[in-house]
Amino acid sequence: MIIVMKPKTPAIEIQRISEEINGWNIIAEKSIGKHQVVIGLIGDTTELEPSRVQALSSFIEQVVPIERAFKRVSREFRNGEPSVVAVPTPNGVVQFGQDFPVVHIAGPCSVESESMIIATAQKLKQVGAKFLRGGAYKPRTSPYAFQGHGESALDFLATAREQTGLGIITEVMNVADLEKVAQVADIIQIGARNMHNYSLLKKAGSQSKPIFLKRGMCATIQEWLLAAEYIIAAGNSNIILCERGIRSFDSQFTRNTLDLSVIPVLRTLTHLPIAIDPSHGTGRSEYVPAMAKAAIAAGADSLMIEVHPNPAQALSDGPQSLNPEQYQDLMAEMIQVSQASDCRTKLTPQSAVLTAV
Ligand code: PEP
Ligand code: MN
């Protein structure tokens, strides 16, 4: 349930209402929007009559029940206002959900060597990427496949950050590595395979670095949003959702099925920014440009694309990686698509928000 306060409600009144609600053994969580304050009620509100809440104050504009399983990540929880995840990097603050056209994240699947990651980062910076991606700890299907260089790869990422000013995004696979990864990463990735790792989600929620939460390869939208709810419930609301393709019945010609329909769907369900990863989504570099442009046209806030200096020699995910020149060409096309219209604004269904319970 949320309480939408009238514009210009005195802070002291909001405080009084919150204390009253806390006395009912329900947590009152204040969220300050552009025009209004919203108080979210966390806890068991099943027996709570909206009229009892409404009667608390004449400054209450509306009481809206949230009947969904996910609460704090729901769009209603912020009264329809999208959230912006602002990430400080050496080159300045990058804002997911705000920066136009989209926030570009690029880099190799794995950090293979110091020289490779630095050279790639320099090229990506020139082309316009804001974040360098690269795995230090790799979740590989086979235990015999390259597992990533671990801690030394984190050091290489730190050097690339120092030399280029790009923000770093890299994956954490287990709780024990979280602190180490957080020291280097500006954004911590939780990969598809770990989307259901609830202890990792809780731990990620209890620290302050933003989380890039990929959709599990067989996860429903509800399961994905509930995974995000674990993070936000533990205290971290800086979450970016990333669609990276789901398993379907046909894996003959593509690695996954990139579910671009999640963009408009998520817009109705959550306030969190949305990223698309067309590299894992298709598994083939030749399909990446079309899906990247489609993602922008559909209103994505960010794109994560795998770029390797020499995809044929890559230690992981070579077939789906663009080379830097291909990425540069794609960037020019992506900019054109972005300029065609700001799709995000058009696709945000403000009017659907309060009735969608
Ligand atoms: C990756 O980003 O390299 C990765 C392993 O992604 P996913 O978790 O989407 O498979
Ligand atoms: Mn990869």
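Because the structure is a prediction, the values reported are computed rather than measured.

Definitions and cut-offs
Per chain, residues are indexed from 1 in the order of the written sequence. Here the convention is simple: chains get letters from A, ligands get numbers from 1, in the order in which they are written. Totals for whole chains, interfaces and linings use every residue, but because this is a predicted model, local features are given only for residues with pLDDT of at least 70 and side-chain atom pairs only at 80 or more, for both listing and counting. Hydrogens and water are ignored here; the side-chain numbers use all heavy atoms of the structure. Put simply, DSSP marks the helices as runs of H or I at least four residues long and the strands as runs of E at least two long, and each gets a number from the N terminus on. It is over C-alpha atoms that the radius of gyration is taken, and the globule rule equals 2.2 Å times the number of residues to the power 0.38. Accessibility here uses a 1.4 Å probe with only protein chains present; expressed as a share of the type maximum, an area under 20% marks a residue as buried, one over 50% as exposed, and anything in between as partly exposed. Contact criterion: two residues are considered in contact whenever any of their non-hydrogen atoms come within 4.5 Å of each other. Residue burial considers only the protein chains on display, and all accessible areas are found by Shrake-Rupley using a 1.4 Å probe. Here Asp and Glu are counted as negative and Lys and Arg as positive; His is not counted, and neither are the chain ends. A charged residue contributes its charge at one atom only: NZ of Lys, CZ of Arg, CG of Asp or CD of Glu. We call a residue near a molecule or strand as soon as one heavy atom of that residue lies within 4 Å of the molecule or strand. Counted as a polar contact is a pair of N or O atoms within 3.5 Å, where, for protein atoms, one must be capable of donating a hydrogen and the other of accepting one, and residues adjacent in sequence contribute only when both atoms are in side chains. Under the scheme applied, nonpolar residues are Ala, Val, Leu, Ile, Met, Phe, Trp, Tyr, Cys and Pro; charged residues are Asp, Glu, Lys and Arg; polar residues are all the others, including Gly. By this definition, two strands are paired if DSSP reports at least two bridges between them. By salt bridge we mean one thing: a side-chain nitrogen of Lys or Arg within 4 Å of a carboxyl oxygen of Asp or Glu. Only the stretch in contact is used when fitting a helix axis, every axis being a line fitted to C-alpha atoms; angles between N-to-C directions are given from 0 to 180 degrees.

Trainee: Explain the overall build of the protein to me, and be specific about the residues and the numbers.
Mentor: Along its length, the protein carries 12 helices and 14 strands. For 357 residues, the compact-globule estimate of 2.2 N^0.38 gives 21 Å, and the protein sits close to it at 21 Å. In terms of principal-axis extent, the alpha carbons of the protein reach across some 65 × 45 × 40 Å. Looking at the protein as a whole, 55% of its 357 residues qualify as buried. Put simply, 70% of the contacts in the protein that link residues at least 6 apart link residues at least 24 apart. Carbon and sulfur atoms form 51% of the exposed surface of the protein, whose accessible area is close to 15200 Å². For the protein, the centre of its 33 positive side-chain charges and the centre of its 35 negative side-chain charges are spaced 2 Å apart.

Trainee: Can you lay out the site of ligand 1 for me, pointing to particular residues and giving the numbers?
Mentor: Around ligand 1, the structure places 13 residues, and the nearest of them are Arg-133, Lys-138, Ala-192, Arg-193 and Arg-244. Here an oxygen atom of ligand 1 and a side-chain polar atom of Arg-193 are 2.9 Å apart. Here ligand 1 has 290 Å² of accessible area as a free molecule, and 98% of this is covered by the chains. Tallied by class, the residues present in the shell around ligand 1 amount to three nonpolar, three polar and seven charged.

Trainee: Before we move on, can you summarise the pairing of strand S2 (residues 27-32) with the specific residues and values?
Mentor: As paired strands, S2 and strand S3 (residues 37-42) are joined by six bridges and run antiparallel to one another. Bridging across to S3, Ile-27 finds its partner in Ile-42. Hairpin remark: S2 followed by S3, antiparallel, with four residues in the connecting loop.

Trainee: Tell me about the environment of Leu-157, and name the residues and values.
Mentor: Checked against the element boundaries, Leu-157 lands in helix H4 (residues 151-164). Separated by 134 residues in sequence, Leu-157 and Gly-23 have C-alpha atoms that sit 48 Å apart.

Trainee: Report on the pattern of salt bridges, specifying residues and quantitative values.
Mentor: Within the structure shown, the criterion is met by 15 salt bridges. The shortest N-O distance in the salt bridge between Lys-180 and Glu-151 comes to 3.2 Å. Of this pair, Lys-180 sits in helix H5 (residues 178-184) while Glu-151 sits in helix H4, and the two are 29 residues apart along the sequence. A salt bridge links Lys-180 to Asp-177; the shortest N-O distance between them is 3.2 Å. Judged by its relative accessible area of 28%, Lys-180 is partly exposed. Members of the salt-bridge network, linked through shared partners, are Glu-151, Asp-177 and Lys-180.

Trainee: Got a sec to walk through the sheet that holds strand S10 (residues 187-190)? Specific residues and values, please.
Mentor: Pairing is parallel in the closed barrel, where eight strands are placed in the order S7-S8-S9-S10-S11-S12-S13-S14. Across the sheet, the mean angle separating the axes of adjacent strands is 25° when strand polarity is ignored. Here strand S12 (residues 239-243) pairs with strand S13 (residues 274-276) via three bridges, running parallel. The partner of Leu-241 across the bridge, within S13, is Ile-274. Of the strands in this sheet, strand S11 (211-214) and S12 touch helix H7 (residues 221-233), which is tilted by about 160° from S12.

In short, geometric facts, not functional conclusions.
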